Amino acid sequence: SQQGEEDPQALSIQEGENATMNCSYKTSINNLQWYRQNSGRGLVHLILIRSNEREKHSGRLRVTLDTSKKSSSLLITASRAADTASYFCATVVTYGQNFVFGPGTRLSVLP
Amino acid sequence: NAGVMQNPRHLVRRRGQEARLRCSPMKGHSHVYWYRQLPEEGLKFMVYLQKENIIDESGMPKERFSAEFPKEGPSILRIQQVVRGDSAAYFCASSRGGPDQTQYFGPGTRLLVL
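Predicted model, so just to flag it, every value in this text is computed and none were measured. (Residues numbered from 1 in each chain as written. Chains lettered and ligands numbered in written order. Predicted model: local features only at pLDDT ≥ 70, side-chain atom pairs only at ≥ 80, totals over all residues. Heavy atoms only, no water.)

Draft legend 1. Quick peek at the sheet that holds strand β3 (residues 19-24) of chain A. All names here are of chain A. In space, the 5 strands of this open sheet follow the order β1-β3-β8-β7-β6, with antiparallel pairing throughout. Edge strands, defined here as strands with exactly one partner in the open sheet, are β1 (5-7) and β6 (55-58). Across the sheet, the mean angle from the axis of one strand to that of its neighbour is 20 degrees, orientation sign disregarded. Where strand β7 (residues 61-66) and strand β8 (residues 71-76) come together, 6 bridges link them in antiparallel fashion. Bridge pairing links T64 to S73 in β8. (Pairing = 2+ DSSP bridges. Helix = DSSP H or I, 4+ residues; strand = E, 2+ residues; numbered from the N terminus. Axes fitted to C-alpha atoms, helices over the stretch in contact; angles between N-to-C directions.)

Put into C-alpha coordinates, the structure is as follows:
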(Lines give C-alpha, C1' and ligand atoms only; values in the text may rest on other atoms or scores of the structure.)
Protein backbone atom coordinates (compact mmCIF):
# COMPACT_ATOMS: atom_id res chain seq x y z
CA SER A 1 0.00 0.00 0.00
CA GLN A 2 1.04 3.61 -0.38
CA GLN A 3 3.05 5.76 1.99
CA GLY A 4 0.06 8.01 2.55
CA GLU A 5 -3.42 6.57 2.51
CA GLU A 6 -6.52 8.55 3.27
CA ASP A 7 -9.57 7.04 4.83
CA PRO A 8 -12.41 7.02 3.94
CA GLN A 9 -12.12 7.17 0.18
CA ALA A 10 -15.41 9.05 -0.06
CA LEU A 11 -17.52 10.89 2.48
CA SER A 12 -20.91 12.56 2.16
CA ILE A 13 -22.27 14.79 4.88
CA GLN A 14 -24.87 17.49 5.34
CA GLU A 15 -23.95 21.16 5.52
CA GLY A 16 -23.15 22.13 9.09
CA GLU A 17 -21.87 18.70 10.09
CA ASN A 18 -18.25 17.97 10.87
CA ALA A 19 -16.09 15.96 8.47
CA THR A 20 -13.19 13.85 9.63
CA MET A 21 -10.63 12.35 7.30
CA ASN A 22 -7.73 10.15 8.30
CA CYS A 23 -4.33 9.55 6.79
CA SER A 24 -1.91 6.75 7.55
CA TYR A 25 1.68 6.51 6.46
CA LYS A 26 4.50 4.02 6.69
CA THR A 27 7.91 5.60 7.13
CA SER A 28 9.28 8.28 9.45
CA ILE A 29 8.34 11.74 8.30
CA ASN A 30 9.60 15.26 8.67
CA ASN A 31 6.17 16.78 8.31
CA LEU A 32 2.72 16.04 6.96
CA GLN A 33 0.65 18.42 4.90
CA TRP A 34 -2.99 18.45 3.88
CA TYR A 35 -4.12 19.74 0.50
CA ARG A 36 -7.48 20.29 -1.11
CA GLN A 37 -8.29 19.83 -4.77
CA ASN A 38 -11.47 21.01 -6.36
CA SER A 39 -12.57 19.04 -9.38
CA GLY A 40 -10.38 19.76 -12.37
CA ARG A 41 -8.20 22.23 -10.48
CA GLY A 42 -4.78 22.34 -8.86
CA LEU A 43 -4.01 21.61 -5.25
CA VAL A 44 -4.40 24.20 -2.53
CA HIS A 45 -2.28 23.92 0.59
CA LEU A 46 -4.33 23.77 3.78
CA ILE A 47 -2.06 23.09 6.70
CA LEU A 48 1.35 21.70 7.63
CA ILE A 49 2.06 19.83 10.84
CA ARG A 50 5.60 18.93 11.83
CA SER A 51 6.62 15.61 13.30
CA ASN A 52 7.14 17.16 16.74
CA GLU A 53 3.65 18.71 16.79
CA ARG A 54 0.50 16.90 17.88
CA GLU A 55 -2.27 19.28 16.91
CA LYS A 56 -2.75 22.36 14.79
CA HIS A 57 -5.66 24.62 14.02
CA SER A 58 -6.45 26.91 11.13
CA GLY A 59 -9.90 28.44 10.99
CA ARG A 60 -12.39 25.57 10.74
CA LEU A 61 -9.60 23.06 10.23
CA ARG A 62 -8.05 20.95 12.95
CA VAL A 63 -5.23 18.56 12.21
CA THR A 64 -3.78 15.99 14.57
CA LEU A 65 -0.68 13.89 14.19
CA ASP A 66 0.16 10.70 16.04
CA THR A 67 3.65 9.63 15.06
CA SER A 68 3.46 6.48 17.20
CA LYS A 69 0.53 5.29 15.10
CA LYS A 70 1.82 6.95 11.94
CA SER A 71 -1.51 8.62 11.37
CA SER A 72 -3.04 12.05 11.01
CA SER A 73 -6.58 13.33 10.93
CA LEU A 74 -8.16 16.37 9.35
CA LEU A 75 -11.33 17.70 10.92
CA ILE A 76 -13.45 20.29 9.13
CA THR A 77 -16.01 21.78 11.46
CA ALA A 78 -19.35 23.29 10.43
CA SER A 79 -18.89 22.13 6.86
CA ARG A 80 -20.15 24.15 3.91
CA ALA A 81 -21.08 23.16 0.38
CA ALA A 82 -17.92 24.97 -0.76
CA ASP A 83 -15.84 22.42 1.17
CA THR A 84 -16.81 19.82 -1.42
CA ALA A 85 -13.47 18.67 -2.85
CA SER A 86 -10.88 15.94 -2.67
CA TYR A 87 -8.53 16.11 0.29
CA PHE A 88 -5.03 14.68 0.17
CA CYS A 89 -2.41 14.17 2.79
CA ALA A 90 1.20 14.44 1.70
CA THR A 91 4.20 13.33 3.68
CA VAL A 92 7.76 14.52 3.51
CA VAL A 93 10.03 11.70 4.54
CA THR A 94 12.95 12.54 6.73
CA TYR A 95 15.56 11.56 4.18
CA GLY A 96 14.21 13.55 1.29
CA GLN A 97 12.03 16.41 0.24
CA ASN A 98 9.60 14.78 -2.12
CA PHE A 99 5.94 14.61 -1.33
CA VAL A 100 4.22 11.27 -1.25
CA PHE A 101 0.50 11.72 -1.74
CA GLY A 102 -2.28 9.40 -0.78
CA PRO A 103 -5.19 8.65 -3.13
CA GLY A 104 -7.37 11.24 -1.38
CA THR A 105 -10.75 11.45 0.29
CA ARG A 106 -13.58 12.80 -1.85
CA LEU A 107 -15.79 14.91 0.39
CA SER A 108 -19.28 15.90 -0.66
CA VAL A 109 -21.11 18.43 1.48
CA LEU A 110 -24.78 18.45 0.67
CA PRO A 111 -26.74 21.69 1.09
CA ASN B 1 2.91 37.90 -6.62
CA ALA B 2 1.82 35.47 -9.28
CA GLY B 3 1.47 31.87 -8.30
CA VAL B 4 2.87 28.89 -10.12
CA MET B 5 2.07 29.15 -13.80
CA GLN B 6 1.64 26.22 -16.09
CA ASN B 7 0.94 26.17 -19.78
CA PRO B 8 -0.72 25.00 -21.73
CA ARG B 9 -3.69 24.20 -19.52
CA HIS B 10 -4.93 21.63 -22.00
CA LEU B 11 -2.89 19.78 -24.59
CA VAL B 12 -4.09 17.29 -27.16
CA ARG B 13 -1.60 15.10 -28.97
CA ARG B 14 -1.79 12.13 -31.27
CA ARG B 15 0.12 8.99 -30.50
CA GLY B 16 3.76 9.37 -31.42
CA GLN B 17 3.89 13.13 -31.11
CA GLU B 18 5.83 15.07 -28.52
CA ALA B 19 4.32 16.94 -25.59
CA ARG B 20 6.05 19.88 -23.89
CA LEU B 21 4.68 21.11 -20.61
CA ARG B 22 5.96 24.33 -19.10
CA CYS B 23 6.07 25.50 -15.52
CA SER B 24 7.09 28.87 -14.13
CA PRO B 25 7.65 28.74 -10.38
CA MET B 26 6.56 31.37 -7.93
CA LYS B 27 8.84 34.35 -7.61
CA GLY B 28 11.69 33.55 -5.28
CA HIS B 29 11.28 29.79 -5.61
CA SER B 30 14.16 27.82 -7.05
CA HIS B 31 12.81 24.31 -6.49
CA VAL B 32 10.39 22.70 -8.91
CA TYR B 33 8.54 19.41 -8.65
CA TRP B 34 6.49 17.59 -11.26
CA TYR B 35 3.63 15.24 -10.44
CA ARG B 36 1.25 13.18 -12.52
CA GLN B 37 -2.34 12.51 -11.60
CA LEU B 38 -4.49 9.89 -13.23
CA PRO B 39 -8.30 10.24 -12.99
CA GLU B 40 -9.66 9.51 -9.52
CA GLU B 41 -6.15 8.99 -8.13
CA GLY B 42 -3.68 10.93 -6.03
CA LEU B 43 -0.61 12.67 -7.32
CA LYS B 44 2.47 10.64 -8.12
CA PHE B 45 5.86 12.28 -7.80
CA MET B 46 7.89 12.35 -10.98
CA VAL B 47 10.92 14.60 -10.66
CA TYR B 48 12.45 17.28 -8.44
CA LEU B 49 14.67 19.95 -9.94
CA GLN B 50 16.61 22.97 -8.88
CA LYS B 51 18.03 25.47 -11.32
CA GLU B 52 20.09 23.53 -13.89
CA ASN B 53 20.08 20.39 -11.74
CA ILE B 54 17.93 17.29 -11.46
CA ILE B 55 17.86 16.39 -7.78
CA ASP B 56 15.58 13.36 -7.82
CA GLU B 57 14.05 11.71 -10.86
CA SER B 58 13.08 8.49 -9.16
CA GLY B 59 9.46 8.87 -10.27
CA MET B 60 10.19 9.44 -13.93
CA PRO B 61 9.55 6.65 -16.43
CA LYS B 62 12.84 5.41 -17.77
CA GLU B 63 12.03 6.18 -21.38
CA ARG B 64 10.44 9.03 -23.31
CA PHE B 65 10.21 11.40 -20.33
CA SER B 66 12.69 14.13 -19.52
CA ALA B 67 12.69 17.32 -17.49
CA GLU B 68 14.83 20.38 -17.24
CA PHE B 69 14.94 23.62 -15.31
CA PRO B 70 17.33 25.95 -17.09
CA LYS B 71 19.05 28.93 -15.56
CA GLU B 72 16.64 31.18 -17.43
CA GLY B 73 13.08 30.37 -18.29
CA PRO B 74 10.51 27.85 -17.14
CA SER B 75 10.91 24.25 -16.24
CA ILE B 76 9.98 21.90 -19.07
CA LEU B 77 8.57 18.40 -18.84
CA ARG B 78 8.98 16.69 -22.18
CA ILE B 79 7.25 13.52 -23.26
CA GLN B 80 8.40 12.03 -26.50
CA GLN B 81 6.37 9.66 -28.67
CA VAL B 82 3.31 9.95 -26.46
CA VAL B 83 1.03 6.98 -25.93
CA ARG B 84 -2.57 6.87 -24.72
CA GLY B 85 -1.41 5.90 -21.24
CA ASP B 86 0.32 9.27 -20.91
CA SER B 87 -3.09 10.97 -20.77
CA ALA B 88 -3.24 12.55 -17.33
CA ALA B 89 -3.06 15.82 -15.47
CA TYR B 90 0.50 16.99 -14.89
CA PHE B 91 1.04 19.32 -11.99
CA CYS B 92 4.03 21.42 -11.20
CA ALA B 93 4.83 22.73 -7.74
CA SER B 94 7.49 25.08 -6.49
CA SER B 95 9.04 25.87 -3.15
CA ARG B 96 11.93 27.72 -1.58
CA GLY B 97 13.43 24.37 -0.66
CA GLY B 98 14.01 22.53 2.57
CA PRO B 99 11.85 19.83 4.11
CA ASP B 100 9.57 22.29 5.89
CA GLN B 101 8.79 24.33 2.86
CA THR B 102 5.29 24.20 1.52
CA GLN B 103 4.97 23.29 -2.12
CA TYR B 104 2.68 25.57 -4.09
CA PHE B 105 0.92 23.97 -7.00
CA GLY B 106 0.08 25.24 -10.42
CA PRO B 107 -3.29 24.62 -12.07
CA GLY B 108 -1.97 21.69 -14.04
CA THR B 109 -1.77 20.71 -17.68
CA ARG B 110 -4.29 18.17 -18.85
CA LEU B 111 -2.78 16.03 -21.55
CA LEU B 112 -5.02 13.99 -23.80
CA VAL B 113 -3.45 11.56 -26.20
CA LEU B 114 -5.70 10.48 -29.04
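Structure's up, so let's keep going.
Draft legend 2. Spatial organisation of the sheet that holds strand β3 (residues 19-24) of chain B. Residue and element names in this part refer to chain B. Pairing within the open sheet is antiparallel, and its 4 strands lie in the order β1-β3-β8-β7. Here the strands that pair on one side only, and so sit at the sheet edges, are β1 (5-7) and β7 (65-68). Across the sheet, the mean angle from the axis of one strand to that of its neighbour is 15 degrees, orientation sign disregarded. Bridge analysis of β7 against strand β8 (residues 75-79) gives 4 bridges, and the strand direction is antiparallel.

Draft legend 3. Seen up close, the interface of chain A and chain B. Taken together, the contact pairs 22 residues of chain A with 23 residues of chain B. Buried surface at the junction of chain A and chain B, summed over both partners, amounts to about 1,700 Å²; 46% is from carbon and sulfur atoms. For the pair chain A and chain B, the interface holds 0 salt bridges. Counting the contacts that link chain A with chain B gives 2 residue pairs in polar contact (both at pLDDT 80 or more). (Contact = heavy atoms within 4.5 Å. Buried area = accessible area lost by both parts, 1.4 Å probe. Salt bridge = Lys/Arg side-chain N within 4 Å of Asp/Glu carboxyl O. Polar contact = N/O pair within 3.5 Å; in protein donor to acceptor, adjacent residues only side chain to side chain.)

Draft legend 4. Examining the pattern of salt bridges more closely. Scanning the entire structure with this criterion turns up 7 salt bridges over all chains. Close ionic contact of R62 of chain A with E55 of chain A constitutes a salt bridge, the shortest N to O distance being 3.2 Å. According to the relative accessible area criterion, E55 of chain A is partly exposed, its value standing at 39%. When the shortest N-O distance is used, the salt bridge between R64 of chain B and D86 of chain B registers 2.7 Å. One end of the pair, R64 of chain B, is in the loop between β6 (53-56) and β7; the other, D86 of chain B, is in the loop between β8 and β9 (88-95), and 22 residues separate them in sequence. Since its relative accessible area comes to 25%, R64 of chain B is described here as partly exposed. Residues joined in a network through salt bridges with shared partners are E18, R20 and R78 of chain B. (Buried < 20%, exposed > 50% of the residue type's maximum accessible area, 1.4 Å probe, protein only.)

Functional significance is not addressed by these values, which are geometric in nature.
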